[in-house]
Amino acid sequence: MPSSAESPHPHVPAEAVTAIAALAENAVAEHRTSGVTWAIIGGHAHDQAILAHGAAGHRELADGRPAPGSSPMDRATVSRIASMTKSFTSATILALRDEGRLSLDDPISAHVPEAEGAFELADDDREPTLRRLLTMDAGLITDNPWGDRQEAMTCEEFAAVLRGGLGHVHRPGGGFEYSNTGYALLGRVIDEVTGSDYATEIRRRFLDPLGLTASGWSAGEIDTDRLATGHRLADRTDATRFEAVPLDSPGVYGAMAGLFSSVDDVATWVRFLAAADAEGSASRGAGPLATASRREMQQLHRHQALAPLPAGQDGVSPGFDRVRGYGFGLVVEHFPDLGEVISHSGGYPGYGSFMVWHRDSGVGVVALANSKYAPATPLSMQALRILQREAPELLARRAPEAAPRTLEAARAALDWLRTGEDGLADDWFADNMDLDVPRAERRRRLEKALVATGLDASALEGLRVRDAQVLSRARLRWTVPARSGAGSAGGAGSAGSAGGGGTAAGAAGSVGGAAPAGGAATAPSALQVELLMDPRREGLVQSLDTIAR
């Protein structure tokens, strides 16, 4: 099968492009998709929207071979992006909210009258709101196979569905449940509020202003010479399993999955959304949707419970491989290795797609494939991890920066640890500090922590503000390695771990902490100093802990 790959950007190693291209080529060679086109999306630090791209397979197969007149998949290929469309619908709802034309907490029937009475509610339930539809929290039944076949449904037919009533799996607000019908309802909200229709409104607000010229809602809106034919998977294992699927016409359910697009257009959309988290975003032009609203789309509003990892030999699961939830038309996940990523997949009769980007760097991947159940999601996630391995600077996590007030307080706090001068404490300790732990006791706890780590007061002389680990704008931590042969943890102490307001680290290092199960406590490996500011803009130090860890 034909394949291609190109890396026009010097920061994407050739080894990474080769490895990612091989993923796509193998997916085609193993008949997991008939074709795929992919791209690496430039992040916050890049001027280019596409850092590398490639493709494999053909736009259309017939009896396992390229159909007459079919071309290989390439960068210009247009495909259906399916449920990735939901991010455009969400963005339009937020734009209308920003204009004061609706509230996310409006009940659905406030804008779509035929939805009144459609929901199966207990006496103590409230009708789902627009917010609950956006976050997949309305309780509606997951409807992927059925919903995928309803694209052409008219408004009149949809009204009849609503009059017949909708089922539920949980009460509104009771948990995550993916619903295409919920996004069809949001499309109807756009229709009613604007007096137009969702497709026209999304084009006017986003496709045209952002220059997404390859994107559209029907074959009549796009260049069909570039269109990838969708394929179903028949019950065979070789290339003859791919059978062409006819296109449906746009209708009510297109608001949840109806868009066609290319990797270049999706890259532009991703960069527009991702830019809301870039440094200096406040000074950049907002474009067709406010920066704060784009950030709002990319926050985890509803947690999605995942199955735990398989149990180990002890019969206990080690936990979960990630935290996952839904924002507004987008999925938000936190991985131990990658950090936070934003994404959405798409699956539709004949097509599979995925877009994903790394929050801190903005670097992303898009893959568009022309067969149902195509491995666009694993291909893209593997591509991200290849980039992390081959060019870790591309996906570098953004280090938090301390507020200037925190740095100023840190200088005074370190001086107080070294000297114990009351004037420093008077100026910089918040009113809770002496109430929680009197200053003399803080000094005694500091001495115990130093003894437990085999250190003395000279260890404090080398601490500098610039050497702190920044945990947040308001929290800093310094770590001093223990001296070899330090005393046991039984002598460890904390200079100010206090009550419910103390830090987690302080609680872990409190005097007389329990020994690990099955044996004596191990000697501490370091002295930690941790500072936390109070919540006022001109804040003072609300905790200052010295901990033998």
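Residues numbered from 1 in each chain as written. Predicted model: local features only at pLDDT ≥ 70, side-chain atom pairs only at ≥ 80, totals over all residues. Heavy atoms only, no water.

**Q** How would you summarise the overall build of the protein if you had to cite specific residues and measurements?
**A** Secondary structure summary: the protein contains 17 helices and 19 strands in total. Along the first, second and third principal axes, the C-alpha atoms of the protein reach 85 × 60 × 50 Å. For the protein, buried positions account for 53% of its 549 residues. In the protein, the proportion of contacts linking residues at least 24 apart, taken out of those at least 6 apart, comes to 69%. (Helix = DSSP H or I, 4+ residues; strand = E, 2+ residues; numbered from the N terminus. Buried < 20%, exposed > 50% of the residue type's maximum accessible area, 1.4 Å probe, protein only. Contact = heavy atoms within 4.5 Å.)

**Q** A description of the pattern of salt bridges should follow, citing residues and the corresponding values.
**A** Side chains bearing opposite charge may pair, as long as their charged atoms lie close to each other. As enumerated under the stated definition, the model contains 39 salt bridges in all. The closest approach of N and O atoms between Arg-171 and Asp-124, which form a salt bridge, is 3.2 Å. Of this pair, Arg-171 sits in the loop between helix 5 (155–164) and helix 6 (180–194) while Asp-124 sits in the loop between helix 2 (86–98) and helix 3 (130–134), and the two are 47 residues apart along the sequence. Of the charged contacts in the structure, one is a salt bridge between Arg-324 and Glu-333, with a shortest N-O distance of 3.0 Å. A single network of salt bridges, built from pairs that share partners, joins Glu-99, Arg-101, Glu-201, Arg-204 and Arg-205. (Salt bridge = Lys/Arg side-chain N within 4 Å of Asp/Glu carboxyl O.)

**Q** Mind laying out the sheet that holds strand 14 (residues 351–358), listing which residues take part and the relevant values?
**A** With antiparallel pairing, the nine strands of this open sheet are ordered in space as 1-3-2-15-14-13-12-11-10. The sheet is open, and its two edges are formed by strand 1 (3–6) and strand 10 (302–303), each paired on a single side. Across seven bridges, the pairing between strand 2 (residues 35–41) and strand 3 (residues 50–57) is antiparallel. Across the sheet, the residue bridging to Trp-38 is Gly-54, located in strand 3. (Pairing = 2+ DSSP bridges.)

**Q** Explain the packing of aromatic side chains to me, using residue names and the numbers behind them.
**A** The geometry of an aromatic ring pair is captured by two quantities: the separation of the ring centres and the angle between the planes. Enumeration over the complete set of coordinates arrives at nine aromatic pairs. Consider the rings of Phe-88 and Trp-269, whose centres lie 3.9 Å apart with planes at 15°: the pair is stacked. Taken together, the residues span a long stretch of sequence, with Phe-88 in helix 2 and Trp-269 in helix 9 (residues 263–274) at a distance of 181 residues. In this structure Phe-88 comes out as buried when scored by relative accessible area, which is 5%. Look at Phe-158 and Tyr-253: their rings are 5.7 Å apart centre to centre, the planes differ by 85°, and that puts the pair in the edge-to-face class. On the criterion of sequence distance, the pair formed by Phe-158 in helix 5 and Tyr-253 in the loop between strand 8 (242–244) and helix 8 (254–257) is long-range, its members being 95 residues apart. For the pair formed by Phe-158 and Tyr-253, the shared burial category is buried. (Phe/Tyr/Trp six-rings, centres within 6.5 Å; stacked < 30°, edge-to-face > 60°.)

**Q** Can you explain helix 11 (residues 376–390)? Please cite residues and give values.
**A** For helix 11, with 15 residues, the first-to-last C-alpha span of 21 Å sits near the 21 Å given by 1.5 Å per residue. Where helix 11 is concerned, the buried positions are Ala-376, Leu-379, Ser-380, Met-381, Ala-383, Leu-384, Ile-386 and Leu-387. Each element contacted by the buried residues of helix 11 is listed here: helix 1 (14–29), strand 2, strand 12 (331–335), strand 13 (339–348), strand 14 and strand 15 (364–369). (Expected span 1.5 Å × (residues − 1).)

**Q** Outline the packing of helix 1 against helix 11, listing residues and values.
**A** The N-to-C vectors of helix 1 and helix 11 enclose an angle of 165°; their axes lie 9 Å apart at closest approach. When the interaxial angle is binned, helix 1 and helix 11 end up roughly antiparallel. As helix 1 packs across helix 11, the resulting crossing turns out to be right-handed. Every residue of helix 11 that contacts helix 1 at Glu-15, Ala-16, Ala-19, Ile-20, Leu-23 and Ala-24 is listed here: Leu-379, Gln-382, Ala-383, Ile-386, Leu-387, Arg-389 and Glu-390. Per-class residue counts for the contact of helix 1 with helix 11 are nine nonpolar, one polar and three charged. (Axes fitted to C-alpha atoms, helices over the stretch in contact; angles between N-to-C directions. Parallel < 35°, antiparallel > 145°, perpendicular 65-115°, else oblique. Left-handed = near helix turned anticlockwise from the far one by under 90°. Nonpolar A, V, L, I, M, F, W, Y, C, P; charged D, E, K, R; others polar.)

**Q** Describe the environment of Leu-300, and please don't skip the residues or the numbers.
**A** Mapped onto the fold, Leu-300 is located in the loop between helix 10 (291–297) and strand 10. Once the C-alpha coordinates of Leu-300 and Leu-455 are considered, the two residues, 155 residues apart in sequence, prove to be 44 Å apart. Excluding its chain neighbours within four sequence positions, the residues that come into contact with Leu-300 are Val-323, Arg-324, Gly-325, Tyr-326 and Val-332.

**Q** Outline helix 2, supporting the account with residue identities and numerical values.
**A** Structurally, the α-helix is built with 3.6 residues per turn, so residues lying three or four positions apart point the same way. Here helix 2 contains 13 residues, and its C-alpha end-to-end distance of 18 Å stays within 8% of the 18 Å for a straight helix at 1.5 Å per residue. With 11 of its 13 residues buried, helix 2 lies for the most part within the structure. Taken residue by residue, helix 2 has Lys-86, Ser-87, Phe-88, Thr-89, Ser-90, Ala-91, Thr-92, Ile-93, Leu-94, Ala-95 and Leu-96 as its buried positions. Trailing helix 2 by a residue or two, Gly-100 shows a phi angle of about 80°, which is positive.

**Q** Quick rundown of the nonpolar core? Include the residues and the values.
**A** Membership of the largest hydrophobic core comes to 73 residues, with the highest contact counts inside it found for Phe-88, Leu-185 and Trp-269. By residue number, the principal contributor to this core is helix 9, which donates eight residues. Beyond its immediate stretch of four places on either side in the chain, Phe-88 contacts Ile-81, Ile-202, Phe-206, Leu-207, Leu-212, Leu-259 and Trp-269. Core analysis: the second largest hydrophobic core is formed by 35 residues, Ala-413, Leu-446, Ala-468 and Leu-531 among them. (Core = buried A, V, L, I, M, F, W, Y, C linked by side-chain atoms within 4.5 Å.)

**Q** Lay out the pairing of strand 17 (residues 475–481) in plain terms, naming residues and giving numbers.
**A** Here three bridges tie strand 16 (residues 469–472) to strand 17, and the two strands are oriented antiparallel to one another. In the sheet register, Ser-472 faces strand 17, and the bridge partner there is Arg-475. Two successive antiparallel strands, strand 16 and strand 17, enclose a turn made up of two residues. The pairing of strand 17 with strand 18 (residues 526–533) spans seven bridges and is classified as antiparallel. If you follow Arg-475 over to strand 18, its bridge partner there is Leu-532.

**Q** Outline the confidence of the model for the protein, listing residues and values.
**A** Of all residues in the protein, 93% attain a pLDDT of 70 or more, and the chain-wide mean is 92. Considering only residues more than four positions removed or in separate chains, one finds that residues 488–519, a stretch of pLDDT under 50, has 64 contacts. (pLDDT = per-residue confidence, 0-100.)

**Q** I'd like to hear about the sheet that holds strand 19 (residues 541–548), residue by residue, with values.
**A** Read across the open sheet, the four strands follow the order 16-17-18-19; overall the sheet is antiparallel. Each edge of the open sheet carries a strand with a single partner, namely strand 16 and strand 19. Going from strand to strand, the sheet's axes swing by 20° on average, the running direction of each strand aside. Taken together, the seven bridges between strand 18 and strand 19 define a ladder with antiparallel strand orientation. Bridge assignment links Val-529 to a residue of strand 19, and that residue is Thr-546. Each of strand 17, strand 18 and strand 19 is contacted by helix 12 (residues 404–419), which is oriented at about 135° to strand 18, the strand it contacts most.

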